[in-house]
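This is what each chain is made of:
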Amino acid sequence: MANEIKTIGVLTSGGDAPGMNAAIRAVVRKAIANGVKVKGIKKGYQGLLNEEIIDMQKKDVSDTIQRGGTILGTARCAEFRTPEGQQKGAEICRKHGIDGIVVIGGDGSYRGAQALSKQGINTIGLPGTIDLDIACTDYTIGFDTAINTAMEAIDKVRDTSSSHERCSIIEVMGRNAGYIALWCGVANGAEDILLPEKYDYNEQNIINNIINNRKHGKTHHIIINAEGIGHSTSMARRIEAATGIETRATILGYMQRGGNPTCKDRFYASIMGAYAADILCEGKTNRVVGHQGGKFVDFDIDEALAMQKDIDDYEYSVSRILSM
């Protein structure tokens, strides 16, 4: 089967995540070690449709593992969501001699990989998203860097919040998933953690908590608010009006996607990239690479997309107790 794969492509799609470059580097170098040529596809599926395709050698990924973002670039592509766009993408792959593609991105990127597989192009997906919202894996590329970036920023906000005896609402990323908020809420010792999966939208409970803590001598109050809930600025105004305590909102935003990846993101992304190159060279298709139970594994994309993921009840209960 390995002889049937002569050239593979690699692209990054959707939101960028620290560690994507480590994955690209590993795909390129492992594939070449397997005797397979590699082509880089710039700007995701949009770049594929525009034929922004380049040859990649080992030297092209030198000094990239420590860099944030993605050296191949990324973009959203509405056209690729259509059957016509997917067929065009597969035809372009064949035109450039690409037998298979490694797609690094989130669940939307996986759907594109799934579509290419149905068009006869071997595809392997890698979980590249800071949101940790892919059900088939305990780890996603970029999550570790994002939570460390957010944790350090929240520590700094806490310093000034304490100095001015304020309440601070700090909004973190994660789309509709609360994993960044949960991890940072525990790691930063937040007094309230608001998760899309758990929040009952009863603001009065938060207000009561702030007032009770102030009565017991607490001079500041940190609320970690997940992006999926949002509206941190208006929430801050309402809390200040109800408590009389100065309340500020800080939205960390895209800084969480940037920066040099942590050791964990570099290592895990490297192993995942090498694993993807290996199974693609073996002739596998329509698979996604994941990490479960301390091992790197792969799943059928259809199966992976059908899986559901939710916040662990025990972890959430512990976060509530520790915030009291």
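Keep in mind the model is a prediction, meaning the values are calculated, not measured.

As a further point, take the layout of surface pockets. Space inside the largest pocket adds up to approximately 540 Å³. Lining of the largest pocket is provided by 27 residues; of these, Gly14, Gly15, Arg76, Gly108 and Ser109 occupy positions nearest its centre. Among the elements that take part in the lining of the largest pocket, helix α4 (residues 107-118) stands out by supplying 5 residues, more than any other. By volume, the second largest pocket is sized at about 390 Å³. Asp192, Asn205, Asn209, Tyr316 and Arg320 are the residues nearest the centre of the second largest pocket, which is lined by 18 residues in total.

Bringing helix α7 (residues 203-215) into the picture now. A rise of 1.5 Å per residue sets the reference length of α7, with its 13 residues, at 18 Å; its end C-alpha atoms lie 19 Å apart and thus fit the reference within 8%. Within the sequence span of α7, burial applies to Glu203, Ile206, Ile207, Ile210 and Asn213. Take α7 and look down its axis: the buried residues cluster within an arc of 135°, on one side only. Gly217 sits one or two residues past α7 and shows a positive phi near 95°.

Under the criterion given, the structure shown has 1 cavity of 30 Å³ or more. Approximately 40 Å³ is the volume found for the largest cavity. Looking at the largest cavity, the residues that line it are Ile210, Asn213, Arg214, Lys218, His220, His221 and Ile245. The greatest single-element share of the lining of the largest cavity, amounting to 3 residues, is contributed by α7. Of the residues in the lining of the largest cavity, the class split is 2 nonpolar, 3 polar and 2 charged.

Scanning all chains against the criterion turns up 6 aromatic pairs. Ring geometry for Tyr268 against Phe296: centres 5.5 Å apart, planes inclined by 70°, an arrangement best described as edge-to-face. Note that Tyr268 is positioned in helix α9 (residues 263-281) and Phe296 in strand β11 (residues 295-300), a separation of 28 residues in sequence. Here the aromatic residues Tyr139, Phe267, Tyr268 and Phe296 are joined through ring pairs into a cluster of three or more. Here the basic side chain of Lys264 rests over the ring of Tyr268, its NZ or CZ set 5.3 Å away from the ring centre. Positioned over the ring face of Tyr179 is Lys309, at 5.0 Å from the centre of the ring.

Turning our attention to the sheet that holds strand β10 (residues 287-292). Working definition: the strands of a sheet are paired by backbone hydrogen bonds and lie parallel or antiparallel to each other. Taking strand neighbours across the sheet as the criterion, the 7 strands line up as β3-β2-β1-β4-β5-β10-β11 in an open arrangement whose pairing is mixed. The open sheet is flanked by β3 (53-56) and β11, the only strands paired with a single partner. Pairs of neighbouring strands in the sheet enclose a mean axial angle of 30°, with direction left out of account. Relative to strand β4 (residues 100-105), strand β1 (residues 7-12) is paired through 5 bridges, and the arrangement is parallel. Pairing of Gly9 across the sheet is with Ile101, part of β4. Relative to strand β5 (residues 122-127), α9 is tilted by about 170°, and along the sheet it contacts β1, β4, β5, β10 and β11.

About the thresholds
- Residues numbered from 1 in each chain as written.
- Predicted model: local features only at pLDDT ≥ 70, side-chain atom pairs only at ≥ 80, totals over all residues.
- Heavy atoms only, no water.
- 1 Å grid on protein atoms, 1.4 Å probe; cavity = no way out; pocket = protein on both sides within 12 Å on 5 of 7 lines; lining within 4 Å.
- Points joined across faces, edges and corners; volume = space filled by probe spheres on them.
- Helix = DSSP H or I, 4+ residues; strand = E, 2+ residues; numbered from the N terminus.
- Expected span 1.5 Å × (residues − 1).
- Buried < 20%, exposed > 50% of the residue type's maximum accessible area, 1.4 Å probe, protein only.
- Arc of directions from axis to C-beta.
- Nonpolar A, V, L, I, M, F, W, Y, C, P; charged D, E, K, R; others polar.
- Phe/Tyr/Trp six-rings, centres within 6.5 Å; stacked < 30°, edge-to-face > 60°.
- Lys NZ or Arg CZ within 6 Å of the ring centre and 35° of its normal.
- Pairing = 2+ DSSP bridges.
- Axes fitted to C-alpha atoms, helices over the stretch in contact; angles between N-to-C directions.
- Contact = heavy atoms within 4.5 Å.

Read these as geometric descriptors, not functional statements.
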